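Summary of structural features
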Amino acid sequence: MKQATPCNAKDYKSDQYVRWCPGCGDHAILNSLHKAMAELSLQPHQVAVVSGIGCSSRLPYYMNTYGFHTIHGRGAAIATGVKTANPDLSVWLATGDGDCLAIGGNHFIHCVRRNVNINILLLNNKIYGLTKGQYSPTSERGFVSKSSPYGTVEDPFNPAELTMGARGTFFARCIDVDLKGSVNMFVEAARHEGTSVVEILQNCVIFNDDVHKCVIDKSCRAERTITLKHGEKMLFGENNQFGIVAEGWALKAVEIGKDGYSIDDILIHDAKTQDNALHIKLAAMDPKSGMPLALGVIRSVEAPVYDIEVEKSIEDVQKKIGKKTFTEFLMSGEVWEIK
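Quick look at helix 1 (residues 26–39)
In this model helix 1 runs 20 Å from its N-terminal to its C-terminal C-alpha over 14 residues, within 8% of the 20 Å that 1.5 Å per residue would give. Counted residue by residue, helix 1 has 10 buried out of 14 residues, so it is predominantly covered. Within helix 1, burial applies to Asp26, Ala28, Ile29, Leu30, Ser32, Leu33, His34, Ala36, Met37 and Ala38. The secondary structure elements touched by the buried residues of helix 1 are strand 1 (47–51), strand 3 (90–96), strand 4 (119–124), helix 6 (179–191) and strand 6 (196–201). Of the residues one or two after helix 1, Ser41 is the one with positive phi, at around 60°.

Quick notes on the nonpolar core
Core analysis: the biggest nonpolar cluster contains 39 residues, and Phe108, Ile226, Ile244, Met285 and Ile298 have the highest contact counts within it. Sequence-distant contacts of Met285, that is, excluding residues within four places in its chain, are made with Ile226, Ile244, Leu251, Met291, Pro292, Leu293 and Ala294. With 32 residues, the next largest nonpolar core counts Ala36, Met63, Leu121 and Val198 among its residues.

Looking at the packing of helix 1 against helix 6
Running from amino to carboxyl end, helix 1 crosses helix 6 at an angle of 50°, the nearest separation of the two axes being 8 Å. Here helix 6 runs oblique to helix 1, going by the angle between their axes. Helix 6 is crossed by helix 1, and the crossing has right-handed handedness. Taking contact as the criterion, the partners of Ala28, Ile29, Asn31, Ser32, Leu33, Lys35, Ala36 and Glu39 in helix 1 are, on helix 6, Leu179, Ser182, Val183, Phe186, Val187 and Arg191.

So, the environment of Tyr61
Mapped onto the elements, Tyr61 comes out in the loop between strand 1 and strand 2 (66–69). Each C-alpha atom of the pair Tyr61 and Gln16 lies 6.6 Å from the other, and the pair is 45 residues apart in sequence. When residues no more than four places from it in sequence are discounted, the contact partners of Tyr61 are Ser14, Gln16 and His69.

A few points about unusual backbone geometry
Even without being glycine, Asn115 reaches a positive phi, approximately 65°. When you line up the elements, Asn115 lands in the loop between helix 4 (105–114) and strand 4. By relative accessible area, Asn115 is classed as buried at 3%. Phi is positive for Asp259, which is not a glycine, with a value near 55°. Mapped onto the fold, Asp259 is located in the loop between strand 10 (250–255) and helix 9 (277–283). For Asp259, a relative accessible area of 74% puts it in the exposed group.

Notes on the sheet that holds strand 1
As summarised here, the arrangement of the 8 strands in space is 2-1-3-4-6-5-11-7, forming an open sheet in which the pairing is mixed. Either end of the sheet is taken by a strand with one partner, and the two such strands are strand 2 and strand 7 (225–228). Each neighbouring strand pair of the sheet contributes to a mean axis angle of 20°, computed without reference to strand direction. Pairing of strand 5 (residues 170–175) with strand 6, which is carried by 6 bridges, proceeds in the parallel orientation. Counterpart to Phe171 in the pairing with strand 6 is Val197. Those strands touched by helix 1 are strand 1, strand 3, strand 4 and strand 6, and its axis lies near 160° from that of strand 4.

Rules and cut-offs
- Residues numbered from 1 in each chain as written.
- Predicted model: local features only at pLDDT ≥ 70, side-chain atom pairs only at ≥ 80, totals over all residues.
- Heavy atoms only, no water.
- Helix = DSSP H or I, 4+ residues; strand = E, 2+ residues; numbered from the N terminus.
- Expected span 1.5 Å × (residues − 1).
- Buried < 20%, exposed > 50% of the residue type's maximum accessible area, 1.4 Å probe, protein only.
- Contact = heavy atoms within 4.5 Å.
- Core = buried A, V, L, I, M, F, W, Y, C linked by side-chain atoms within 4.5 Å.
- Axes fitted to C-alpha atoms, helices over the stretch in contact; angles between N-to-C directions.
- Parallel < 35°, antiparallel > 145°, perpendicular 65-115°, else oblique.
- Left-handed = near helix turned anticlockwise from the far one by under 90°.
- Pairing = 2+ DSSP bridges.

Okay, here's the thing in structure tokens:
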């Protein structure tokens, strides 16, 4: 068998001019995806990138792979069809908080529920950027925008809660400016069997600039974020001086060596436990409530994979009834003539 030619990040770059605003977080995400593809040793012809509508959905144009720019909110449905028809392809869905969680919400949750083996990159800038600045399903209550000039009166979706509520098997979170972290999350997502959802906190410099500043700013990132790693203590801070402990049914951030807390009290992250109760609590942590925002792979568990199960089902049926031509199939079973 001929060995595949090793690829570099540049092998996945198309010849198209990148039409995102200067400074947009999408540039960094695209760069990270190119690097992840190279690390995974995927050949360009083995990859299909699907998208819906929105700024993030221009991503397939900038990939030297198969690509399909579909319609608003329907990317997950198309990606499901692509993967089911050709299970050998590595299928990626590039989508935004508006495209995925508003009009595309139904397709998203059922893709997650079915556990289709695709990788969903959910770029979350908490705004509709392409249509010029309306609030989105992830915008905070009270957010002032062109469609909510007096502030929204809604509470936002937490993409992690939505994913796990739909029986999701993989959820990770990263930030656009952390290229190394993004590459690692994309690689982990691709290696997961089933639907992987990676929420990427992405900045829209035009309509919602600095929306994630409270966790992205280098001056406070170490104290306001925690990168979870399976099998390791939940530690954070410049010198890992803080940690997460369980206090009854709740989680609490503590300083090691103070108030009687030691390293032994700090929880160990288990991304692979089927029970998602702790995963949901970790994903819901927020600096506004004195907890660090969780980054990294929060949940990664095994479950039956949709496209594999469909393939098995087809093989089982073919063994029972044999392979038929299309005409033979139409004429099999109960057939009647209408006159």
